[in-house]
Amino acid sequence: MDFKTLLETKKQNLATSTVKAYISGWNAIRKMFKIPAGDLSVDFLKNVESVIDTIRVESNDNINTLKFKIAVVLEVLKLTDEVRVEGGSPPFYKAEIAKYKEYMDMLRAKVDKMNEEHLKTPKQAEKWVSEEEKDIILEYLKSNLSAKKIITPEQLLNYRNYVLYVLQNELGTRNDLAYSIIMPRPTTEKKVKLLPTTENYILLNKKDKSIQYVMNIYKTAKSHGQIVTTIKSELYPVLDKYMKGLKLYNEDGWLFLNEDCKTRMTANRLGVVFAGLGQLAGLDKKLSTTVLRHQKASANFEAMKKIAADAKTMGHTVGQHLNYMVE
């Protein structure tokens, strides 16, 4: 049984975005080990040390990428054994699962230690973007928006790159913008609520030039539900022009298209395109949506340190401290 089917039958509680990420990760691992398309065997994972070492090298020692890939390997082996047990056979990969778990525990401990110390990893430091660098990238991408009307694929992709950069920096989400549709906001709140929750939405309100991001598909959607965020209205003109240009190439309203201007960008591809925007602007730096999230979370670092210290002094949690706050 292939991994996609296993996830859909055995992990029905997983968010759609998580399933897509796992499948993409598994495909990347199979490609890494040159596994033929029709070969569903997972026996190549039995050589635990070799698999870990290969993934580590291919991940450029990025601990978050490595942790994710090992998590995928564990899920593949656990679900494969679960099917074997249900079929009356004993688990086959028990020893390998234990070894991968041991390695995963080590990675988690390493991440926890870094988080406790609030220090950048070497990889984060490489991709940390200064305010000056942000301005350079923004001005470069903006300089490519000379077209009064989007007609050619080149013009569309220039707008796509700019929109991706400004929205990702505005929202700081994972790669969930890839699951978005851009469209005029329905005329009534009732119609907004009737929009299928199988997509995310960038909604443009022509009447007051306001913009909303409705997020249904994201990693923790099962526990947090729908999130509606207001996007600064100064982006309305460029988003409106971009939406109209997209209609020439894509009637479904997908927010981001690939370079062929036909197919929808995946979450993984979004990360790749975003990573290259700094180099497009002439900077010797790869961007990262994950590092961007760390940067946004770190913006009020000193204030949060003070809050944590005050909470400790007062003998309660940071969460309780925030509940005590009044305006």
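Attention here is on the structure that accompanies the text. Everything numeric here is computed off the predicted structure, so don't read it as measured data. Counting of residues starts from 1 at the beginning of each chain's written sequence and follows it residue by residue. Totals for whole chains, interfaces and linings use all residues, but because this is a predicted model, local features are given only for residues with pLDDT of at least 70 and pairs of side-chain atoms are given and counted only at 80 or more. Side-chain numbers come from the whole structure's heavy atoms, not from hydrogens or water.

Angles here are taken between N-to-C directions and fall from 0 to 180 degrees, while the axes themselves are lines fitted to C-alpha atoms, restricted in helices to the stretch in contact. Per the convention used, a helix needs a DSSP run of H or I reaching at least four residues, while a strand needs a run of E reaching at least two, with both numbered from the N terminus. Two elements in contact, helix H8 (residues 153-171) and helix H11 (residues 236-246), have axes separated by 10 Å at closest approach and are oriented at 135°. Viewed along their axes, H8 and H11 adopt a mutual orientation that is oblique. Considering the relative orientation of H8 and H11, their crossing is left-handed. Contacts between H8 and H11 involve Leu156, Tyr159, Arg160, Tyr162, Val163 and Leu167 from the first element and Val238, Leu239, Lys241, Tyr242, Gly245 and Leu246 from the second. Put simply, Ala, Val, Leu, Ile, Met, Phe, Trp, Tyr, Cys and Pro go in the nonpolar bin, Asp, Glu, Lys and Arg in the charged bin, and everything else, Gly too, in the polar bin. Counted by class, the contact of H8 with H11 contains nine nonpolar, one polar and two charged residues. Here roughly perpendicular refers to angles of 65 to 115 degrees, roughly parallel to angles under 35, roughly antiparallel to angles over 145, and oblique to all remaining angles. Helix crossings fall into two classes, left-handed where the near helix is turned counterclockwise from the far one by less than a right angle and right-handed where it is turned clockwise. The contact definition used throughout considers only heavy atoms, calling two residues in contact when any of these lie within 4.5 Å.

All right, on to the environment of Ile211 then. Here Ile211 is to be found in strand E3 (residues 210-215). C-alpha of Ile211 to C-alpha of Val291: the two residues are 80 residues apart in sequence and 25 Å apart in space. Beyond its immediate chain neighbours, meaning those up to four positions away, Ile211 contacts Ile202, Leu203, Leu204, Thr229, Thr230, Ile231, Lys232, Ser233, Leu235, Tyr236 and Leu239.

In this section: the packing of aromatic side chains. Classification of ring pairs rests on two measures: the distance between centres of Phe, Tyr or Trp rings, Trp counted by its six-membered ring, which must be within 6.5 Å, and the angle between planes, read as stacked under 30 degrees, edge-to-face over 60 and tilted in between. Summed over all chains, the structure comprises six aromatic pairs. Seen in terms of ring centroids, Phe3 and Trp26 are 6.0 Å apart; in terms of plane orientation they differ by 70°. Their pairing is edge-to-face. Here Phe3, found in helix H1 (residues 3-10), pairs with Trp26, found in helix H2 (residues 16-32); they are 23 residues apart in sequence, far enough to count as distant. Just as Phe3 is buried, Trp26 falls in that class too. With a centroid separation of 5.3 Å and 45° between ring planes, the pair formed by Phe33 and Phe44 is classed as tilted. Of this pair, Phe33 sits in the loop between H2 and helix H3 (48-58) while Phe44 sits in the loop between H2 and H3, and the two are eleven residues apart along the sequence. By the criterion adopted, a ring carries a charge over it if an Arg CZ or a Lys NZ lies within 6 Å of its centre and within 35 degrees of its normal. Seen from the ring of Phe92, Lys46 lies directly overhead, with NZ or CZ sitting 4.7 Å from the centre. To sort residues, take the accessible area from a 1.4 Å probe on protein chains only and compare it with the maximum for the residue type: under 20% means buried, over 50% means exposed, and anything in between is partly exposed.

Turning our attention to the side chain of His316. Within the fold, His316 resides in the loop between helix H15 (301-314) and helix H16 (318-324). On the basis of relative accessibility, which here comes to 19%, the residue His316 falls in the buried class. Beyond its immediate chain neighbours, meaning those up to four positions away, His316 contacts Ala311, His321 and Tyr324.

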